[in-house]
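Residue strings, one per chain:
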Amino acid sequence: MVILLMANAGVIAASQDAAPDTWRRLVGQMLRAYASPGADLPPLEPAPAPTALYRAMVRLTRPPSGPDGDTK
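The structure contained in this document is the topic of the report that follows. (Residues numbered from 1 in each chain as written. Predicted model: local features only at pLDDT ≥ 70, side-chain atom pairs only at ≥ 80, totals over all residues. Heavy atoms only, no water.)

1. Side note on the pattern of salt bridges
Right, on to step 1. A complete count under the given rule lists two salt bridges for this structure.
Right, on to step 2. The shortest N-O distance in the salt bridge between Asp17 and Arg59 comes to 3.2 Å. With Asp17 in the loop between helix 1 (2-15) and helix 2 (22-34) and Arg59 in helix 3 (residues 50-61), the pair connects residues that are 42 residues apart, well separated along the chain. (Salt bridge = Lys/Arg side-chain N within 4 Å of Asp/Glu carboxyl O. Helix = DSSP H or I, 4+ residues; strand = E, 2+ residues; numbered from the N terminus.)

Take a look at the structure:
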């Protein structure tokens, strides 16, 4: 369970600005992965747009900035 929570926290941290609802899709995938056969599951959330995923990945590769915008 801890690993699932950490994975979700990583998705939230990576996509919070560019695709803030991406975590919902991850949780839906997790529910499907651990559901018993024949379980009634809600539909998956739509995938984020490719441009939103790109913005999230670019954000992850940038160095963190300080309070005044300078990188430290």
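What follows continues from the structure just given.
2. Here we look at the side chain of Ser15
Right, on to step 1. Summarising the element assignment, Ser15 is placed in helix 1.
Right, on to step 2. Using a relative accessible area of 6% as the deciding quantity, one classes Ser15 as buried.
Right, on to step 3. Side-chain polar atoms of Ser15 contact the backbone oxygen of Val11, separated by 2.6 Å.
Right, on to step 4. Once residues lying within four places of it in the same chain are set aside, the contact partners of Ser15 are Pro20, Thr22 and Ala56. (Buried < 20%, exposed > 50% of the residue type's maximum accessible area, 1.4 Å probe, protein only. Polar contact = N/O pair within 3.5 Å; in protein donor to acceptor, adjacent residues only side chain to side chain. Contact = heavy atoms within 4.5 Å.)

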